[in-house]
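For reference, the chains in residue letters:
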Amino acid sequence: NAGVMQNPRHLVRRRGQEARLRCSPMKGHSHVYWYRQLPEEGLKFMVYLQKENIIDESGMPKERFSAEFPKEGPSILRIQQVVRGDSAAYFCASSPQAGGEQYFGPGTRLTVT
Amino acid sequence: GQQLNQSPQSMFIQEGEDVSMNCTSSSIFNTWLWYKQDPGEGPVLLIALYKAGELTSNGRLTAQFGITRKDSFLNISASIPSDVGIYFCAGQVMNTGFQKLVFGTGTRLLVSP
């Protein structure tokens, strides 16, 4: 039973470019969560999605950040016009039902140069 | 916003020793979870607690959900070198459309052989 998959594992972008991070939840899981982790800190919630719906985006910056979880395919976290402060590890988690235990992927480490 | 205070920040112990770490909050949570994160990887779920007062074990790990719902602790008995990593507590509030995890600041554990 494959776990949560994220790609790429490492991503380098220059300031002003776009970053696209992908997350495939565990089989049978329809709830996806994105978190951001800065060095030496805990994870901070960004957004919670179910298939084709954003349920809670209270942790996501209003500008430049967007997320989607289409009917087919992985969930995408998109960061437009990246800045140095966006450099962090971005983790995706999935759960089989609302409020269920969340299982994390290996993360995407974004570096903005 | 909600914050979880986790202590100690770091621990350096000898192999075979027992370890205890805890997490406190100013808010009530319905679920407490404990995760372990290795360098460059995503958090791995260790133990989930769903009821106030609940005491749950997973091998050498034991965790308790505080009666007040505002705290939790994790014990590791007879530590081994592979216990090295960062341990995070996370609280979850079960409201409609509000499923995010709030993470603690982490306890870094080092084990000397």
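Residues numbered from 1 in each chain as written. Chains lettered and ligands numbered in written order. Predicted model: local features only at pLDDT ≥ 70, side-chain atom pairs only at ≥ 80, totals over all residues. Heavy atoms only, no water.

Caption draft 1: Quick look at the overall build of chain B. Helix and strand counts for chain B come out as zero helices and eleven strands. Listing the helices and strands of chain B from first to last along the sequence gives β-β-β-β-β-β-β-β-β-β-β. For 113 residues, the compact-globule estimate of 2.2 N^0.38 gives 13 Å, and chain B sits close to it at 14 Å. Taking the principal axes of the C-alpha coordinates as reference, chain B spans close to 45 × 30 × 20 Å. The buried share of chain B, reckoned over its 113 residues, is 48%. When the accessible surface of chain B is summed, it comes to about 5,300 Å², and 52% of that surface belongs to carbon and sulfur atoms. Considering chain B, the positive charge centre built from 7 side chains and the negative charge centre built from 8 side chains are found 13 Å apart. (Helix = DSSP H or I, 4+ residues; strand = E, 2+ residues; numbered from the N terminus. Rg over C-alpha atoms; globule rule 2.2 N^0.38 Å. Buried < 20%, exposed > 50% of the residue type's maximum accessible area, 1.4 Å probe, protein only. Areas by Shrake-Rupley, 256 points an atom, 1.4 Å probe, with all protein chains shown as cover. Lys, Arg positive; Asp, Glu negative; His and termini not counted. Charge placed at Lys NZ, Arg CZ, Asp CG, Glu CD.)

Caption draft 2: A nonpolar patch on the surface, seen in detail. Residues and elements named next belong to chain B. Residues F12, V84 and L110 make up a contiguous nonpolar surface patch of roughly 280 Å² in combined accessible area. Residue position: L110 is located in strand β11 (residues 107–112). Take L110: its relative accessible area is 39%, and that puts it in the partly exposed class. (Patch = residues over 30% accessible without salt bridge, like charges linked within 9 Å, V, L, I, M, F, W, Y side chains within 5 Å. Salt bridge = Lys/Arg side-chain N within 4 Å of Asp/Glu carboxyl O.)

Caption draft 3: Up close: the sheet that holds strand β3 (residues 19–25) of chain B. Residues and elements named next belong to chain B. Across the sheet, which stays open at both edges, the five strands sit in the order β1-β3-β8-β7-β6 with antiparallel pairing between neighbours. Both outer strands of the open sheet, β1 (4–7) and β6 (55–58), are each paired with one neighbouring strand and no more. Strand-to-strand twist in this sheet, taken as the mean axis angle between neighbours without regard to direction, amounts to 15 degrees. Here β1 pairs with β3 via four bridges, running antiparallel. Residue Q6 lies in a different strand from β3, and its bridge partner there is C23. (Pairing = 2+ DSSP bridges. Axes fitted to C-alpha atoms, helices over the stretch in contact; angles between N-to-C directions.)

Caption draft 4: Here's a closer look at the interface of chain B and chain A. The partner chain A presents 24 residues to the 22 residues of chain B that form the contact. Both faces considered, chain B and chain A share a buried interface measuring about 1,700 Å² in area, 53% of it formed by carbon and sulfur atoms. There are two salt bridges connecting chain B and chain A. A:R9 serves as the salt-bridge partner of B:E41, at 3.8 Å between the closest nitrogen and oxygen. At the boundary of chain B with chain A, the tally comes to seven residue pairs in polar contact (both at pLDDT 80 or more). Of all the secondary-structure elements, those providing two or more residues to the side of chain B that touches chain A are β4 (31–37), β5 (44–49), β9 (85–92) and β10 (101–103) of chain B. Among the elements that take part in the side of chain B that touches chain A, β4(B) stands out by supplying three residues, more than any other. Residue composition of the side of chain B that touches chain A, grouped by class: eleven nonpolar, eight polar and three charged. (Contact = heavy atoms within 4.5 Å. Buried area = accessible area lost by both parts, 1.4 Å probe. Polar contact = N/O pair within 3.5 Å; in protein donor to acceptor, adjacent residues only side chain to side chain. Nonpolar A, V, L, I, M, F, W, Y, C, P; charged D, E, K, R; others polar.)

Caption draft 5: Examining the pairing of strand β7 (residues 61–65) of chain B more closely. Residue and element names in this part refer to chain B. Covered by surrounding structure in β7 are L61, A63 and F65 only, the residues T62 and Q64 on the alternate face being uncovered. Two elements, β6 and β7, share four bridges in a ladder whose sense is antiparallel. Across the sheet, residue N58 finds its bridge partner in β7, namely L61. Here β7 runs beside strand β8 (residues 71–76); their pairing, made up of five bridges, is antiparallel. Note that in β8 the partner of L61 across the bridge is I76. A loop of five residues connects β7 with β8, the two strands running antiparallel in sequence, and R69 in this loop sits at a positive phi of about 70 degrees.

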